[in-house]
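Examining the three-dimensional arrangement
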Amino acid sequence: MRKSVLDHLLDWSGRIVLISILGFVLLPFVVVAIASLNDGAILSFPPKSWSLRWYANAFEYRDFGAGLVNSLRIAAVGATIALIAGAGFAYVFNRYDFMFKGLLNTVLMSPLIIPNFTIGLGLLILSTAASLPRSIWLVIAVHVVIVLPFVVRSVYVSLKNFERRYEQAAESLGGTPLHVLLTITLPLLLPGLISGALFAAILSFNEFTASLYVVNQRTQTLPVAMYNYVREYADPTLAALSVIYVAPVAAMLLLVHKFFRLEKVLNVD
Amino acid sequence: MSKRPFLGWFASPSILIAFGIAASFLAIVQFSLRAHIPGALDPGGFTLDNFTTLWKTVYGKAFVTTVLLCWWTALFTLLIGYPLAYAMVRAKSARLRSAILLISLTPLFLGEIVRTYSWMIVLGNRGFLNATLMQLGVIDRPLDLMFTMTGVVIALVHFTLPIVVVMLAAALSHIDRNLERAATSLGAGRIRCFLTVTLPLSIPGIVTATSTAFAWTFSAFATPQMIGGGKVQTISTLVYQVGFASFNFPLAASLSLVGLLFTIAVLALFNTGIHRLERIGAH
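Bear in mind that the values here come from a model prediction, so they are computed numbers and not experimental data. Sequence order as written defines residue numbering, which begins from 1 separately in each chain. Whichever chain is written first is A, and whichever ligand is written first is 1; the rest continue in order. Two thresholds apply to this predicted model, a pLDDT of at least 70 for residue-level local features and 80 or more for giving and counting side-chain atom pairs, whereas whole-chain, interface and lining totals are computed over all residues.

1. Overview of the overall build of chain B
- Of regular secondary structure, chain B possesses 13 helices and 0 strands.
- Strands are runs of DSSP state E lasting at least 2 residues, helices are runs of H or I lasting at least 4, and numbering of each runs from the N terminus. Going from N to C terminus, chain B has its helices and strands arranged as α-α-α-α-α-α-α-α-α-α-α-α-α.
- In this description the radius of gyration comes from C-alpha coordinates, and the expected globular size is given by 2.2 Å times residues to the power 0.38. Compactness check: chain B gives a C-alpha radius of gyration of 24 Å against a globular reference of 19 Å for 283 residues, more than 25% above the reference.
- With respect to the three principal axes, the spread of C-alpha positions in chain B is 80 × 75 × 35 Å.

Written out as structure tokens, the structure reads:
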């Protein structure tokens, strides 16, 4: 069948629209990359001279290093706690009926609706009222609450597509519940557990708003350190740091895409 | 042997966390009913004053600004996100589909600060956009984009786009293509087929995406704070300011409580909308 003029027109306008939207998505990152190479302390477009000195500055600024260490620790510990609690809850929610099951689910999923600033404020007030110190554990607690729903969802989806027959076979052959759990259930759930934990770690690493409420100078995360830097200095150091930030995130996404296929993970296939 | 092995072991950690969430919510409710003593961090006796204070113009204005931001952001995110999701789902080559998906998703994992800072460089008075337009001679004075609603909306659309694209793509990919084929074989053109078959079938997805866009915009803090620069005051920036500039945590608590109730009300409205649509679709 030959294409009509209208069809060609639609095809081409579709392509132009698609390219402009993708351009809009990428524009800020391209601009930030150009700005990071600007030699002067005051940004100008196009840059009058080029240099890499803001990259050196980003590496040397002590708050960024300390923030990175805090963020990595918080993300690792927080994602682990969220994985244990979230996987356990997804398992009992999928398999059993028990008292207050619906209520427990509502409370645990509520951080999807409650704004992050409210979660941060709530836990700050709570910890002050209980006269707990504003330690790194308070920040971890806030992050666990925020990332838990995503872990639960990821593990729950794996459990729903789970083939129960393998467990039943193992049981009928005399396996104890613990044996079945460790040798059949956990290995089969592994992809869901890994993607849930990864997602939790990325979200926690990026979390800013709720953290701002509960950190202090000693426990500040990398996003909070970056925010404080913009408020004090206008030089392109943060542009350099943004470029450094983009690289590992993009690499990780490509890696996840290669092994899990994002279309499948996001259910858009 | 118990019929529900591991129930206690598996449920306990999440029950503990649920108690923490409930307790922090109660802490907010409790604080919202306490008096503020200037200069002291501990609140005073029980009172309803915080809620009467909220009737003041500053707070009312912040509410209006927030709702306007949510509305414009949701609208433009849908207008941009729909073609993107459509192109992704209908892309003929798998490579193009993956490329669109990766490009739309990357911003989601870059966090609020990197994205907002990047937009500050694009939108600033000496920023990329103004410098380029002035050099091209399109404008002779920089456009006011920083510290304005327009600037905040542009950055918020960018912030909300990935999640909206994912939701719309999920909805579009589950539409039965045979219905479109039937329409085309009966003589409908591509535009007519889209308007009478594809678009109506994707309305539930559009409603879910809109409600998510709304919730995201409502809770956004870094974008209105950094691009609005105090000139665009939303609930989120006001709660932070009231809490950390005046240390009036009782007022901050009541402000977030009212904001939360408002979010729940709007989301419930969207939900009933979806149920209605599904019932219409069932007939």
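Still to come is the rest of the account.
2. Examining the overall build of chain A
- Helix and strand counts for chain A come out as 12 helices and 0 strands.
- Reading chain A from its N terminus to its C terminus gives the helix and strand order α-α-α-α-α-α-α-α-α-α-α-α.
- Computed over its C-alpha atoms, the radius of gyration of chain A comes to 24 Å, more than 25% above the 18 Å expected for a compact globule of 269 residues.
- Whether two residues are in contact depends on their C-beta atoms, placed from the backbone: they are in contact if these lie within 7 Å. Restricting to contacts in chain A with at least 6 residues of sequence separation, those with at least 24 account for 76%.

3. Concerning the packing of helix α7 (residues 164-172) of chain A against helix α8 (residues 177-206) of chain A
All names here are of chain A.
- Only C-alpha atoms enter the line fits that serve as axes; for helices the fit covers just the stretch in contact. Angles between N-to-C directions range over 0 to 180 degrees. At a closest axis distance of 10 Å, the pairing of α7 and α8 adopts a crossing angle of 170°. Classified by the angle between their axes, α7 and α8 sit roughly antiparallel to one another. Between α7 and α8, the contacting residues are Y166, E167, A170 and E171 on the first element and V180, I184, T185 and L188 on the second. For this classification, under 35 degrees means roughly parallel, over 145 means roughly antiparallel, 65 to 115 means roughly perpendicular, and everything else is oblique.

4. Notes on helix α5 (residues 111-123) of chain B
- Multiply 1.5 Å by the residue count of a helix minus one, and that product is the helix's expected span. Between its terminal C-alpha atoms α5 of chain B stretches 19 Å, which fits the 18 Å expected from 13 residues at 1.5 Å a residue.
- Burial in this document is a count-based property: other C-beta atoms within 10 Å of a residue's C-beta are tallied, and the residue is buried at 20 or more, exposed at 12 or fewer, or partly exposed in between, with C-beta positions derived from the backbone. Most of α5 of chain B sits inside the fold, with 13 of its 13 residues counted as buried.

5. Thoughts on the interface of chain B and chain A
- The interface is formed by 75 residues belonging to chain B together with 71 residues belonging to chain A.
- The dominant element in the side of chain B that touches chain A, judged by the number of residues it contributes, is helix α1 (residues 7-32) of chain B, at 17 residues.

6. A closer look at the nonpolar core
- In plain words, the nonpolar core is the set of buried Ala, Val, Leu, Ile, Met, Phe, Trp, Tyr and Cys residues that C-beta atoms within 7 Å link up. Counting 148 residues, the largest nonpolar core has V151 and A200 of chain A as its most contacted members.
- The element best represented in this core is helix α7 (residues 149-173) of chain B, accounting for 16 residues.
- Not counting chain neighbours up to four residues away, the residues in contact with A200 of chain A comprise A79, A82, L83, V147, F150 and V151 of chain A.

7. Some words on unusual backbone geometry
Residues and elements named next belong to chain B.
- Despite not being glycine, F6 has its phi angle at roughly 70°, a positive value.
- Relative to the assigned elements, F6 resides in the segment before α1.
- For F6, a count of 17 C-beta atoms within 10 Å puts it in the partly exposed group.
- Backbone geometry places F247, a non-glycine residue, at a positive phi of 50°.
- Position of F247 relative to the elements: it lies in the loop between α12 (235-244) and α13 (249-282).
- According to the C-beta neighbour criterion, F247 is partly exposed, with 15 such atoms within 10 Å.

8. Section: the confidence of the model for chain A
- By definition, pLDDT measures how confident the predictor is in each residue, and it falls between 0 and 100. Summing up the model confidence of chain A, the mean pLDDT is 89 and the portion of residues at 70 or higher is 97%.
- At the level of individual helices and strands, chain A shows its lowest average pLDDT in helix α12 (residues 262-265) of chain A, which scores 70, and its highest in helix α9 (residues 209-214) of chain A, which scores 96.

9. Remarks on the environment of S14 of chain B
- Take S14 of chain B: it is sitting in helix α1.
- Since 25 C-beta atoms lie within 10 Å of it, S14 of chain B is described here as buried.
- Ignoring any residue separated from it by four or fewer positions in sequence, one finds S14 of chain B in contact with A85, G88, F89, L104 and L108 of chain A.

10. Side note on the confidence of the model for chain B
- Residues at a pLDDT of 70 or more form 98% of chain B, whose mean pLDDT is 89.
- The ipTM for the predicted assembly is 0.90, set against a pTM of 0.91.

11. Topic: the packing of helix α2 (residues 53-60) of chain A against helix α11 (residues 237-260) of chain A
All names here are of chain A.
- Viewed as axis vectors pointing N to C, α2 and α11 meet at an angle of 80°, and their least axial separation amounts to 8 Å. Considering their axes alone, α2 and α11 lie roughly perpendicular with respect to each other. Each of W54, Y55, N57 and A58 in α2 lies in contact with α11, whose residues at this interface are T237, A239, A240, L241 and I244.
- Residues are grouped as follows: nonpolar covers Ala, Val, Leu, Ile, Met, Phe, Trp, Tyr, Cys and Pro; charged covers Asp, Glu, Lys and Arg; every other residue, Gly included, is treated as polar. Residue composition of the contact of α2 with α11, grouped by class: 7 nonpolar, 2 polar and no charged.

12. Observations regarding the environment of A33 of chain A
- Tracing the sequence through the fold places A33 of chain A in helix α1 (residues 5-36).
- The spacing of A33 of chain A and F259 of chain A is 226 residues in sequence and 29 Å in space, taken between C-alpha atoms.

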